[in-house]
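Summary of the model geometry
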Amino acid sequence: MSEILVLAEHSKGEIRDVTFEMLGIGRKLADSIGAKTAVLLLANDEALANKLSPYADTVLLNKDELFKDFNSEIYQSILTKLISERKPVLTLIGHTPAGIDLAPNLAISTGLPLATDCVQLKFENSKLKIMRQMYTGKINTNIGFTDAQEYIVMVRPASFQIPGQMDKSGEIIKLDMPVEKVDYKKFIDYIEPKITGVDITKSEIIVAVGRGIKEKENLSIIEKFSSSLNSAIAGSRPVIDKQILPLDRQVGSSGKTVKPKVYIAIGISGAFQHVMGMKDSELIIAINKDANAPIFEVANYGIVGDLFKVVPVLTQKINELKSSK
Amino acid sequence: MEIIVCAKQVPDLTEADIKINPDGKSINLESIPLDINEFDNYALEEALLIKEKYSGKVAVVAVGSETSDEMLRICLAKGADEAVRITYKDELDGYLTAKLIATVIKNKYKPDIILTGVQSTDCSSAQVGGMLAELLDIPHASIVTHVELKNNTAEVHRELEGGLKEIVNITLPAVLTIQSGINEPRYASMIGIRRAKDKEIKIVTPEDLGLPSDESKLKTCIENMFIPPKGRGAEIITGSVEESATKLCMILKDKRVFT
């Protein structure tokens, strides 16, 4: 019977959510083609295997202290061997910093086709079809595979539900695959994010600014607006990259996740990495001149317009109303 | 120090109205500006910084049609020493791109370090760098936000999630995929642009590389593209600037965002 293999991702002793999301979609796909699910756990902690067991038919555990910190090269050599032995029809890996370090190389060493950052997967006449986004979410693309029987797919985090009740009690099989230390790629240490002045995760109102602000000189428009609402100022990645705002103000998957009462996104297109960091805000307002910007999909209210025109008028209106009391 | 930068020319769609071609598989690029992929621009800058610090030469390799020459010329104007374009007009996937670049590198270069962007702004696949490393049988680190060379190794910072980073030591030669924000990319100077005018851009065809072969076929293919269907989405506040700002102001007041 064919098998869908999910690579478990863990960090600092915790299984990461994307693993359970992949096990959810993996199970659905397996049911659609009459396959089983297996999850590969490379870890030093056996207890993690028990957490995976309800979600898969088989938990493959290779235990070694070298797995305490992620090393793509070690993962790759184990996975290359395992895939050649078990021949899973589909291997799922998270589209995460760990997955990005591993999966492209694995595709070459196994000779299998790879599709990255996928948001939908299905089998049609036993051929895999996936959907992914291009042009920062402005276009969806359906992708097929040429002449393939087996596939590797990287799955975008938070694209699939974590399944609720899972009835499996997957057998935990201990693999005895030798793990060799690599000296040409070595993990040295983590760098924790710096704790600085403003903690935007604690702010109730956030005014966030994106690429649309263009230059640092223009930030005063946002500062005036922010002070009318007594809010914190945050930014999307391009604003941090251009050093218009400091790193601790970055909202998104590589920055902070915020859930304020009000999030006002100004000149932010809404790439998925940004949306991951703010979608759970209670009230979302977007101002952007591109009516097709994905940010309007997550916002409650939107104004399609030029921020340089809208924001000063809005600030003035708010200040007038405040002073008229 | 021999440094290679892999760069891609991409359409700049930040302010464009996207139209899909009748074939349903590509974007109408008429009147859409083309530019170097933003991530590759950071990779080029990092390469130039390494060259300035340790001396050496920078070669830029691109896959694409003749429109890419404009991008390569700007790379030369900024300080790259050589530019190579593998001429290719048809559909590409990450695998074939990596295969073409790897073949050129094997034929012509002995790089100490290869830099490219984490991903492109058009496809966002984040796969060419890793595949290239594997095809060249050298190590690779992705999503790099800091590079420091130490003897025959590079100590790099890799961006993880939530502001966390990791320090990784990697033996050279290696492929590093560069994250945006690692440096401040320079602009080409007037003198640079003038000098670059007469520099040669080497054109290589896939046939020159002994391709196509069985190993140089697409592994994935675009079946169709579509503009994502609108969900429930935001309630759009309409009217003139004055009107829409007034309406939004009242919404904020009603929701007690300010009092």
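The structure under discussion appears in the preceding block.
Our subject in this report is the structure included herewith. (Residues numbered from 1 in each chain as written. Chains lettered and ligands numbered in written order. Predicted model: local features only at pLDDT ≥ 70, side-chain atom pairs only at ≥ 80, totals over all residues. Heavy atoms only, no water.)

**Observations concerning the packing of aromatic side chains**
To describe a pair of aromatic rings, you give the distance between the ring centres and the angle between the ring planes. Rules: A pair of Phe, Tyr and Trp rings is counted when the ring centres sit within 6.5 Å of each other, with Trp represented by its six-membered ring. The angle between the planes then sorts it: under 30 degrees is stacked, over 60 is edge-to-face, the rest tilted. Burial classification: accessible surface area is computed with a 1.4 Å probe over protein chains only, and a residue below 20% of its type maximum counts as buried, one above 50% as exposed, and the rest as partly exposed. Whether a charge lies above a ring is judged from NZ of Lys or CZ of Arg, which has to be within 6 Å of the ring centre and within 35 degrees of the ring normal.
In this structure the tally under the stated criterion is 6 aromatic pairs over all chains. On the numbers, 5.9 Å between centres and 85° between planes, the contact of A:Phe67 with A:Tyr75 is edge-to-face. Assessed through its relative accessible area of 1%, A:Phe67 is described here as buried. By way of ring pairs, the aromatic residues A:Phe67, A:Phe70 and A:Tyr75 are connected into one cluster. Lying over the aromatic face of A:Tyr190, A:Lys12 brings its terminal NZ or CZ to 4.9 Å of the ring centre. Over the aromatic face of B:Tyr95 sits the side chain of B:Lys219, whose NZ or CZ is 4.8 Å from the ring centroid.

**A few points about the interface of chain A and chain B**
The following threshold applies: Contacts are assigned to residue pairs with any non-hydrogen atoms lying within 4.5 Å of each other. When two parts are put together, the accessible area they lose, computed with a 1.4 Å probe and summed over both, is reported as buried area. What makes a salt bridge here is a side-chain nitrogen of Lys or Arg within 4 Å of a carboxyl oxygen of Asp or Glu, nothing more. Under the rule applied, a polar contact is a pair of N or O atoms within 3.5 Å (in protein, one hydrogen donor and one hydrogen acceptor; residues adjacent in sequence only if both atoms are side-chain atoms). Where helices and strands are cited, they refer to DSSP runs of H or I of at least four residues and of E of at least two residues respectively, numbered from the N terminus. Polar here means any residue outside two lists: the nonpolar Ala, Val, Leu, Ile, Met, Phe, Trp, Tyr, Cys and Pro, and the charged Asp, Glu, Lys and Arg; Gly therefore counts as polar. For two strands to be treated as a pair, DSSP must find at least two bridges joining them.
Facing 86 residues of chain A, the contacting portion of chain B comprises 84 residues. Both faces combined, the contact of chain A with chain B buries some 7,400 Å², and carbon together with sulfur accounts for 59% of it. Counting the surface chain A buries against chain B, the share from its top three residues, A:Tyr135, A:Ile191 and A:Tyr301, is 10%. There are 6 salt bridges connecting chain A and chain B. For the salt bridge of B:Glu161 with A:Arg16, the shortest nitrogen-to-oxygen distance reads 2.6 Å. Our enumeration of links across chain A and chain B arrives at 39 residue pairs in polar contact (both at pLDDT 80 or more). Here the side of chain A that touches chain B takes 9 residues from helix H4 (residues 97-110) of chain A, the largest share from any one element. Residues of the side of chain A that touches chain B, tallied by class, amount to 39 nonpolar, 23 polar and 24 charged. Bridging between strand S17 (residues 301-304) of chain A and strand S13 (residues 235-236) of chain B involves 2 bridges; their strand directions are parallel. Within S13(B), the position partnered with A:Gly302 by the bridge is B:Ile236.

**A look at the side chain of A:Thr96**
Residue position: A:Thr96 is located in the loop between strand S6 (90-94) and H4. The class of A:Thr96 is buried, set by a relative accessible area of 2%. Once you skip the residues sitting within four places of it in the chain, A:Thr96 turns out to touch A:Glu9, A:Val18, A:Pro157 and B:Glu161.

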